[in-house]
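Tertiary structure, described
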Protein chains: 2
Amino acid sequence: MQLILLSGGSGKRLWPISNDLRSKQFIKIFKTADGQYESMLQRVMRQLAGTNADIPITVAASKSQETVLKKYLGDRADISSEPCRRNTFPSIALACAFLHDVRSVPLDEPIVVCPVDPYVDDQFFSRFVELANLIANDEASIVLMGIAPTYPSEKYGYIIPSTSDPISGVVEFKEKPDAPTAQKYIDQGALWNGGVFAFKLGYVLEQAEKILGVRTHEELLENYSALENISFDYAVVEHEKNIKVVRYVGEWKDLGTWNTLTEVMETNFIGDVRADDSCRNVHVINELDVPIVCLGLNDIIASASPEGILISNREHSSYIKPLVENIHQQIMFAEKSWGTYKVIDVERDSLTIKVTLNAGSRMKYHSHERRREIWNVIEGRGLIVVDGAVSSIGAGDVIELPLGCKHMVIADSDLKIIEVQLGAEISVEDKTIHESVGGSKK
Amino acid sequence: MQLILLSGGSGKRLWPISNDLRSKQFIKIFKTADGQYESMLQRVMRQLAGTNADIPITVAASKSQETVLKKYLGDRADISSEPCRRNTFPSIALACAFLHDVRSVPLDEPIVVCPVDPYVDDQFFSRFVELANLIANDEASIVLMGIAPTYPSEKYGYIIPSTSDPISGVVEFKEKPDAPTAQKYIDQGALWNGGVFAFKLGYVLEQAEKILGVRTHEELLENYSALENISFDYAVVEHEKNIKVVRYVGEWKDLGTWNTLTEVMETNFIGDVRADDSCRNVHVINELDVPIVCLGLNDIIASASPEGILISNREHSSYIKPLVENIHQQIMFAEKSWGTYKVIDVERDSLTIKVTLNAGSRMKYHSHERRREIWNVIEGRGLIVVDGAVSSIGAGDVIELPLGCKHMVIADSDLKIIEVQLGAEISVEDKTIHESVGGSKK
């Protein structure tokens, strides 16, 4: 048995704390026993460690999430890295081909696929073995986990089972009905489709060959951006006759909107928030260094990050998308494997960022073709390599990096740098990675 | 006739757009005919230009407001600069002594005192001549402008006149009564005390000598911080028998709270604000470079500046004070005579600021004893003087200023600098101003 976790894309529904580099699964929002905060990804990995400690995990994610994933996953999981963002079927096919071609997992191995960030009981993960066993025993080509609904949601897909047994066949699937229709389905015993599927590895590779025309890891990778952009449900599940659903009764939440996310927050305020006693049912997440002051608010959700500020009535928070779609695409902050960066000033021909490298980490050896940089070291100690020359740096040092020079830095202690970028077309794309010795790759 | 405008202190009631360097009178909040925004100070100066163009004006203000006042007043007004913040009596006494000792205004000159930022009709200012004439004709020692009340406010002082005539004697003064008592006063014909007084210059200098023990400009200036911290009302007006009040009927607002300020805003949103159609009675002032997104809000006032973010129910906005009193005292942005500065990063032993100098302006020649600075020029051209040596600077230049070095800059075009300050105790106080040649003063 193998587990594939699907790491979703950004979406703007949790703006401003999600951006193109930080999807919702990385936001630290759950207070843990020791008073720290953990992300949905960290929460799920912690639950899996308790329930499925020995099952190998592969996270299917876009390349842009790779560094932050490595930071949080360490050695616990492999990453199936996608060259660009595609829907779930190409993503699952690529991960399966990776398992077979790169990790030599046999074709009859049961695979369970699950989103990387469901908000569920431990019990949810314990049930995975059950799904895998049904697959191993050839009881079906696909086994789904169906979630017992708690209300007639218009946001989910519904599975209509053929019986009310704990394990049942499936009559059909219904996508996002209106509330009265959803209630009718629920009265008939329908279940929510929570995006958990089990199948044999070879089954999906056959489907990939049939639907996408390719099946090896190399082929899938090479043609990835041109692959049909379809969901696993639509491409595979809805056409499969030999299918079973396992009923799950317990907590399950899709924390995709501010409203659902704040429902599960154990504290009302994260960050520097000062609210008076008259605030009722108010949730605030403040990622800025300055305070948010709240007075006399009711049913309000607010959030601030270097990207912007959201102030929303609780119920209206799910209508955020059209308002944030046109907001500038400048990424204002990001987590990297080596630390963090934050944009602190934007001008037409310059960008000033604060770079924080964690002790012991290093950047890749790289150069830029359209910008020069001035590094002002404000804290810590480290080594810098510029065009092959090594020197030590510390607080107060200024390093000028001309156009095209190759450079990298290694942090001895936590190292903080104010980096002034100068150029007419500053872009994160303008980066050439160099091997330590010789050759270069874009 | 002379006019003294009292420029009040900061207060925290309009946090986060007011701070210790920027009081409410400097906030640009009124949309003008040409689509720009003007501050309360600019609005009042514009109204005075239309109604009292020939009357000399002196603005009484603390030294910390001097640079920004000069920027907006130009040659239109003198400034009576107070070494520190004191109440209205010392402030008025100092301004009167300045007029007499420095500007040679005679002792029998009628003086009209008015706050620098009332929100009123032009008619209000036209009435000043009337007050001055009553004083010139010796009809009273003090003439007040009484404002016809529009509701039983608990926030203002009340003047009880002896008759209901347009010009009347005064029976007594009542400070901030509760609403029922205020209504009783109003039923008796009481007027609000709007802080407008007229008197002869010599009258206040005599009062200064009697109450403060000093009367010359030099004496007042030297002893300013030790002077009794009392209001003009309490020290003088309430003890004066020979007093008259002139009745003013017309618009008059004290824009001291978010609620009253937003009442007079002609647009609901200033800055980058994106609100959906369901927002009702919402006012947002955003001074940040990133957007504020509002969804489904009712009766909300919000404001963001580099100091922090306020989100308040309209009615609760007047209770802001206790929540913001303990917020860090780091000034995050300021307007100076030469341009602006904004703190963009704060660390224990460093501070990074963005300095914008207006074309043609210059900083004072100065040095710091406890911090060194690195200047990263990101835009524009200028001249820099470092320990007497002059060089030209432009975008991309880096200037390192060691501890104690004397420096200044002159902007040829608009000049933008990212200034990294390094030191263990960084403070705006750590600044020694040097004469162009030789000597220095703190």
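Given the structure is predicted, the values throughout are model-derived calculations rather than measurements.

1. Here's the deal with the interface of chain B and chain A
Contacts between the two partners involve 56 residues from chain B and, on the opposite side, 56 residues from chain A. In this assembly, chain B packs against chain A so that about 4,300 Å² is buried in total across both faces, 65% of it on carbon and sulfur atoms. Summed over the three residues of chain B that lose the most area to chain A, namely L295, I309 and I311 of chain B, the buried surface amounts to 17% of that side. Where chain B touches chain A, the interface holds six salt bridges. Among the ionic pairs, K354 of chain B bridges to E347 of chain A, the shortest N-O distance being 2.5 Å. Looking at the side of chain B that touches chain A, its residues break down into 33 nonpolar, 13 polar and 10 charged. Pairing analysis gives four bridges linking strand β19 (residues 308-313) of chain A to strand β17 (residues 292-295) of chain B, with the strands arranged parallel. Bridging from a neighbouring strand, S312 of chain A pairs with L295 of chain B of β17 of chain B.

2. What about the packing of helix α3 (residues 88-102) of chain B against helix α7 (residues 201-212) of chain B?
All names here are of chain B. Orientation of α3 relative to α7, taken along the N-to-C sense of each, is 125 degrees, at an axis distance of 9 Å. The orientation of α3 relative to α7 falls into the category oblique. When the axes of α3 and α7 are compared, the crossing they make is left-handed. The residues of α7 that touch α3, namely those facing F89, P90, I92, A93, C96, A97, L99 and H100, are L201, V204, L205, Q207, A208, I211 and L212.

3. Structural notes on the sheet that holds strand β14 (residues 269-270) of chain B
The strand order β15(A)-β17(A)-β19(B)-β18(B)-β16(B)-β14(B) describes an open sheet built from six strands, whose pairing is mixed. The open sheet is flanked by β15 (273-275) of chain A together with β14 of chain B, the only strands paired with a single partner. Here two bridges tie β14 of chain B to strand β16 (residues 283-286) of chain B, and the two strands are oriented parallel to one another. If you follow I270 of chain B over to β16 of chain B, its bridge partner there is I285 of chain B.

4. Observations concerning the confidence of the model for chain A
Chain-level pLDDT for chain A is 91 on average; 97% of the residues reach the 70-or-more range. Scored below 50 in pLDDT, residues 437-442 of chain A shows 11 contacts in the model against residues more than four places distant or in partner chains.

5. Looking at the relation of the copies chain B and chain A
What relates the pair of chain copies is a rotation about an axis plus a shift along that axis. With an RMSD of 0.1 Å, the fit of chain B onto chain A corresponds to turning through 180 degrees and sliding 0.1 Å along the axis. Expressed as a symmetry operation, the mapping of one chain copy onto the other fits a two-fold axis. Minimal C-alpha distance to the rotation axis in chain B is attained by I344 of chain B, lying at 2.9 Å. The overlap is high: 100% of the interface residues of chain B also sit at the interface in chain A, so the same surface is used on both sides.

6. A few points about the pattern of salt bridges
Residue and element names in this part refer to chain B. What the rule picks out here adds up to 42 salt bridges over all chains. One salt bridge in this structure joins E38 and R46, with 2.5 Å as the shortest N-O distance. A relative accessible area of 7% places E38 in the buried class. Residue E172 is joined to K174 by a salt bridge in which the shortest nitrogen-to-oxygen separation is 3.3 Å.

7. So, the sheet that holds strand β20 (residues 333-336) of chain B
For sheets, the rule is that strands pair by backbone hydrogen bonds, running either parallel or antiparallel. Residues and elements named next belong to chain B. Here six strands make up an open sheet; going across it, the order is β20-β21-β22-β29-β24-β27 and the pairing antiparallel. Edge positions in the sheet fall to β20 and β27 (398-401), since each of these pairs with one other strand and no more. Sheet twist, expressed as the average angle between the axes of neighbouring strands with direction ignored, equals 20 degrees. Across eight bridges, strand β21 (residues 339-347) lies against strand β22 (residues 350-357) in antiparallel orientation. Paired with G339 across the strands is L357, a residue of β22. Across the face of the sheet, helix α2 (residues 66-73) comes into contact with β20 and β21 while running at roughly 50 degrees to β20.

8. Topic: the pairing of strand β24 (residues 372-379) of chain A
A regular strand places its side chains so that they alternate between the two faces of the sheet. Residues and elements named next belong to chain A. The buried fraction of β24 amounts to six of the eight residues, a majority that puts the element mostly inside the structure. Bridging between β24 and strand β29 (residues 415-422) involves seven bridges; their strand directions are antiparallel. Of the residues in β29, the one forming a bridge with N376 is I418. The pairing of β24 with strand β27 (residues 398-401) spans four bridges and is classified as antiparallel. Paired with W375 across the bridge in β27 is I399.

Reading the values: the criteria
Residues numbered from 1 in each chain as written. Chains lettered and ligands numbered in written order. Predicted model: local features only at pLDDT ≥ 70, side-chain atom pairs only at ≥ 80, totals over all residues. Heavy atoms only, no water. Contact = heavy atoms within 4.5 Å. Buried area = accessible area lost by both parts, 1.4 Å probe. Salt bridge = Lys/Arg side-chain N within 4 Å of Asp/Glu carboxyl O. Nonpolar A, V, L, I, M, F, W, Y, C, P; charged D, E, K, R; others polar. Pairing = 2+ DSSP bridges. Helix = DSSP H or I, 4+ residues; strand = E, 2+ residues; numbered from the N terminus. Axes fitted to C-alpha atoms, helices over the stretch in contact; angles between N-to-C directions. Parallel < 35°, antiparallel > 145°, perpendicular 65-115°, else oblique. Left-handed = near helix turned anticlockwise from the far one by under 90°. pLDDT = per-residue confidence, 0-100. Least-squares fit on C-alpha atoms with pLDDT ≥ 70 in both. Buried < 20%, exposed > 50% of the residue type's maximum accessible area, 1.4 Å probe, protein only.

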